[in-house]
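Architecture and fold: a report
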Amino acid sequence: MHTVLTTCPFCSCGCAFYLQTNDGTLIGTAASENHPVARGRLCARGWQAHEAPSWGRRLTRPLVRAGGALEEASWEDAIEAARVRLLAVLERGGEVGVLGSERATNEESYLAVKLARGALATGHLDTPLGSTFRALLGGVARVAPGGVPVPTIEELEAAEVILLLEGDLARTHPGIASAVLRAVRAGARLVTFGAVRTQMSRLAAVHFPVAPGAEAAALGPVIACLLAEGSAEPSAAARCDDLEALRLSLPPAPGGGSVADVARWVAEARRAVTVLVPAGAPDDTASAAAAFASLAALAGHLDRPGSGLLLLPARSNLKGALDMGVAPVGGPGLSAEAMMVSLRGLIAVASDPLAMQRGGDGGSQARGTLECLIVLDAFDSASARAADVVLPIACSAETEGTQTSAEGRVQLVRPAAPPPGEARPGWEVLGRLLEAFGVGVRPRSPAEVRAEIARVIPEYSGVTEAQLADGWGSFTTVRHETGRFRLQPIGTPPARPAERPHLLAWDGPFDWGGDPMVAFSPTLCRDSVSWRKLFPHGQVLMNKADADALGVRQGWPVRLVSEHGEATVPVGLSEGIERGVLIAPVACRDELGAVMSGLGATTVRVERP
Amino acid sequence: MRHDREHPLTSSAIAKSAAADGTPATEKALASGGGRAGGLAVCEVAETDPGPRSPTFLSRTIAKERMDAWVARLIEAAEVVAPTAGHGGDELYASISAPDEVLWDFVNPLQPPKQFLLPQTDPIVEITRRDGHFDVVSVDDRRQPILLGVRSCDATAMAFLRHMHQRDLPDPAYLRRADRTVLITMACTRPCSLGFCVCCDAGPFLHEGFDVQLTDLGDRYLAEPGSERGEALLATAGAIFRPALESEIAHRCELEEEAKTRFGAETCHFGSAMRRVSTGRVSEALWSEMSEECFECGACNFVCPTCYCFSVKDRAHGGAWQRCRTWDSCQYAAFTLEASGHNPREKRADRMKRRFFHKVSAQYYQRDGAVGCVGCGRCVKVCLGTTDMPAVVGAIRKGVWHG
């Protein structure tokens, strides 16, 4: 049996483990006792990391669509077909784009950017979840345009106060939830914000129930207390601009109670870390991030050692993809959501745009305006089945490359097994595409791509091969200038119209059950497969008291009517959801898409059909 | 076998346990019959030892500088698995191709050696379609590994696993592999920081359940054969070993006694926990409270040397289908999920209660002959939450959860 140390491909905690193989087939996962993040621990997904690559339906041969059906082709023919078909779209005046991936390595993302900008001369470049994390960064940047340092997970565990804005951290980022639990056991005070009672909220000293879209407003009373009691740190407050505008936007400070407690804890703590997980509409996420950043700025926690804001990308290498430049360019660049309906040509790298669609029918109308879809992926997917050219690549267990975790740790993924069939590492295939388009010579190794990244992207200039190979990775160097902070006024969430008094929100930015690394793992997929069998017509989750008021019981149909459309689905009851809020599982986007628009919450009327 | 030990609910055991509840584990271990032998090493034989008499084999000694020569011979004859250095100080059991790959100065690899008897993915049968019918062939990798450097806790667990795979409906795939695997153990003269094997009768030294037990005597190892196979292994090594001196055997016995005094802070007073868990005296509220600090990662099941729960899955492999046994975790919601959609253990608290009932109750003790724990301490290390064995056993005993 052979073992290879590699980095986890699931969430962005940045854990590592050993993949075990027998005769070139993955058979198991073993924890790393000394890894600084994992420290011998892994979550359920990590423990099953060896499964999807060998149990999943893999893409193993280059395929080219001819006469309506996908046929096997040689690599040369497939690369040439991709080139010719994309150029044809461009010659007809159509727009093309590149959809990168949160699970691609930095090297793959970097080359994808080159493909978009260099080969195709397009600014249409994004990852499916990019907008959610960019919103967090954007919100913080409003307050701290000079940048802020990123606290490490170790610093999180040593914090005295932790503020957490989450969906369900124990499910989305178990490693970070573990660090939070450890901090609480060591005496830290946890304050949670969210629309649903979660495992973390039950650990919290104070939980703020927050309607989706009202996260920033929830912080208003806390900031008001901080200012009213004069407990905002003077030297920090002196570096803050626009204090009056913020003050005017705040509600009156409550005299006491848990809000005042929280304000006092934040003010008195020497080490306070705020953990933000994106959810909902990018605008709301950005406002929430700005509000938490303003609070941290006033309390002096924005750039003090041991304090700060820890922003959590939803998936393993979303941060790396953004660092490499996989993002739409300002004006004309389209985001992932818009690409599917506006472009004529698309290269999808390790992403499944068809399956990610929300709204309308999903599936069948999926290809929309696309005349040419090129798919690079390891796993069979809806997009691969609908593609014009399929280029099979290695999954993260079979390739060499780097990933950047939430705390900015750049680590290697190392190949533990060979890619199946004729699949090749993604960096190699992207290199061939670049060469076919006449953009330079294809790289000979991932190390060569890394050397270029180090030259081109300042934050990665300090990442050395030695640290990657022999150590536990290397942190990106975050540039920040100790400057002034621009406090942001707290807006009021729009009032709900009388005819639509409830709020319907997605349960997260994406559905883990649909991710190939989970869906193709026989151990991990059971929950979502079973759930889908139980709820073949979808489900919406509702507060039990609200359901009682409506006169519906578990499993009964409810009609949801919004300004965008309506849908009738069975209801699931929960005591953990705030009153007036309904949760739409992302797994039910086909059934509920008509009612929703984009990622954000929407006001709805709930009726018995 | 440990099933011959005194039942924990007899009055003398309760008395000992009660005394132990207020005293450190070390004293409890000494009170429960330290220094007893199974007739394998010449230590003081306790008169209360009801265990079957095993034949006495000839203990031998090997100088440390000759170890490489012996390992080289073993490698020539068989696949040898030993502790090796992983990345950054990690310890991993791995197949070695040269003696210098062995990490002699090791504590205990985090991934237990049970993986060589019970791999995380274990193909059991191969199914091939041919001419309209199916060929079903048993998978036998024919490996006959020598596991070198297995700790007492893990070896004790292997005896437990053998018992579990032998009772009721014997598992031929497991037993075949277990029968072929040679165990060369390394006694613990320096207990690991999180271990509490003394609380489980699983260490720090073994008295049975090994082919050869090595003890580090400083500049040499004592090698005690514990089976005919172990005796033969040492005999074929010829002059690399020499017969052990009385003083060396005495030294080994001293080291065992000394090791028992050197345990760390983790303890597990199973006796009183067993009484409470077996008589329904642990409240639902306590299980709920504890389960709030579990993240359902399954790590406890995977690294536990006595856990063996599994699922069965088919996968396509090389033109055929492989039906595989795969590690599973009773802490996963889907573990007991039924085809109807009903889940008898939907709440995490119920899953946790079940796990500890299986591990610690008198009912299972009577059925299986041992507590479902060997005190290796791994669950303390790998738990994403705070619900490791010592913590939960402590909570069961006291009725209060401290986390």
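Residues numbered from 1 in each chain as written. Chains lettered and ligands numbered in written order. Predicted model: local features only at pLDDT ≥ 70, side-chain atom pairs only at ≥ 80, totals over all residues. Heavy atoms only, no water.

Remarks on the overall build of chain A
When helices and strands are counted, chain A shows 24 helices and 26 strands. With respect to the three principal axes, the spread of C-alpha positions in chain A is 75 × 60 × 50 Å. Counting over 609 residues, chain A shows a buried share of 61%. Within chain A, residue pairs in contact and separated by at least 24 positions form 75% of the contacts whose partners lie at least 6 positions apart. (Helix = DSSP H or I, 4+ residues; strand = E, 2+ residues; numbered from the N terminus. Buried < 20%, exposed > 50% of the residue type's maximum accessible area, 1.4 Å probe, protein only. Contact = heavy atoms within 4.5 Å.)

Quick notes on helix H11 (residues 348-360) of chain B
With 13 residues, H11 of chain B extends 18 Å from end C-alpha to end C-alpha; this agrees with the ideal 18 Å at 1.5 Å per step. Along H11 of chain B, the residues that are buried comprise Arg348, Ala349, Arg351, Met352, Arg355, Phe356, His358, Lys359 and Val360 of chain B. In this fold, the buried residues of H11 of chain B make contact with helix H9 (199-203) of chain A together with helix H8 (270-278), helix H9 (284-291), helix H10 (299-303), helix H12 (362-368) and helix H14 (389-398) of chain B. (Expected span 1.5 Å × (residues − 1).)

Some words on the interface of chain B and chain A
One widely used convention gives an interface's size as the accessible area the parts lose upon coming together. In this complex, chain B contributes 50 residues to the contact, which on the side of chain A involves 51 residues. At the surface where chain B touches chain A, the tally comes to five salt bridges. Among the salt bridges present, the one from Glu33 of chain A reaches Lys381 of chain B, with a minimum N-O distance of 2.7 Å. Counting every contact that joins chain B to chain A gives 29 residue pairs in polar contact (both at pLDDT 80 or more). For the side of chain B that touches chain A, the elements supplying multiple residues, two or more each, are strand E3 (91-96), H10, strand E11 (310-317), strand E12 (320-327) and helix H13 (378-382) of chain B. (Salt bridge = Lys/Arg side-chain N within 4 Å of Asp/Glu carboxyl O. Polar contact = N/O pair within 3.5 Å; in protein donor to acceptor, adjacent residues only side chain to side chain.)

Some details on the nonpolar core
Counting residues in each nonpolar core, the largest one holds 175 residues, and the members touching the most others are Phe193 of chain A together with Trp70 and Ile184 of chain B. The residues contacting Trp70 of chain B, other than those within four sequence positions of it, are Ile62, Ile184, Leu233, Leu234, Ala237, Ile240 and Phe241 of chain B. Counting 44 residues, the second-largest nonpolar core is a separate cluster that includes Ala78, Tyr110, Leu125 and Phe437 of chain A. (Core = buried A, V, L, I, M, F, W, Y, C linked by side-chain atoms within 4.5 Å.)

Notes on H9 of chain B
Among all positions in H9 of chain B, only Leu286, Trp287, Met290 and Ser291 of chain B are buried. All buried residues of H9 of chain B lie within an arc of 130° about the axis, which places them on one face of the element. (Arc of directions from axis to C-beta.)

A look at the environment of Asp507 of chain A
All names here are of chain A. In this structure, Asp507 sits in the loop between strand E21 (502-506) and helix H21 (516-519). When neighbours within four sequence positions are excluded, Asp507 is seen to be in contact with Ile583, Ala584, Pro585 and Val586. A distance of 3.1 Å separates the side chain of Asp507 from the backbone nitrogen of Val586, its partner in a polar contact.

A short note on the sheet that holds strand E1 (residues 2-7) of chain A
Residue and element names in this part refer to chain A. The strand order across the open sheet built from three strands is E1-E2-E3, with neighbouring strands paired in antiparallel fashion. The open sheet terminates on both sides in strands that have one partner only, identified here as E1 and strand E3 (25-31). In this sheet, neighbouring strand axes are inclined to one another by 35° on average, regardless of whether the strands run parallel or antiparallel. (Pairing = 2+ DSSP bridges. Axes fitted to C-alpha atoms, helices over the stretch in contact; angles between N-to-C directions.)

Regarding the pairing of E3 of chain B
Residue and element names in this part refer to chain B. Summarising burial for E3: five of the six residues are buried, a large majority. Taken together, the six bridges between strand E2 (residues 80-85) and E3 define a ladder with antiparallel strand orientation. Bridged to Pro83 within E3 is Tyr93. Between E2 and E3, which pair antiparallel in sequence order, lie five residues; one of them, Gly88, sits at a positive phi of approximately 55°.

Section: the packing of aromatic side chains
In total, this model carries 13 aromatic pairs over all chains according to the counting rule given. Aromatic pair Phe193 of chain A and Phe208 of chain A: ring centres 4.8 Å apart, planes at 5°, arrangement stacked. Of this pair, Phe193 of chain A sits in strand E9 (residues 189-194) while Phe208 of chain A sits in strand E10 (residues 206-209); the two residues are 15 residues apart in sequence, bridging distant segments of the chain. Like Phe208 of chain A, Phe193 of chain A is buried. Aromatic pair Phe357 of chain B and Tyr364 of chain B: ring centres 6.0 Å apart, planes at 85°, arrangement edge-to-face. One aromatic cluster is present, built from ring pairs that chain together Trp47 of chain A together with Phe302, Trp327 and Tyr332 of chain B. A cation sits over an aromatic face here: Arg58 of chain A above Phe379 of chain A, 5.1 Å from the ring centre. (Phe/Tyr/Trp six-rings, centres within 6.5 Å; stacked < 30°, edge-to-face > 60°. Lys NZ or Arg CZ within 6 Å of the ring centre and 35° of its normal.)

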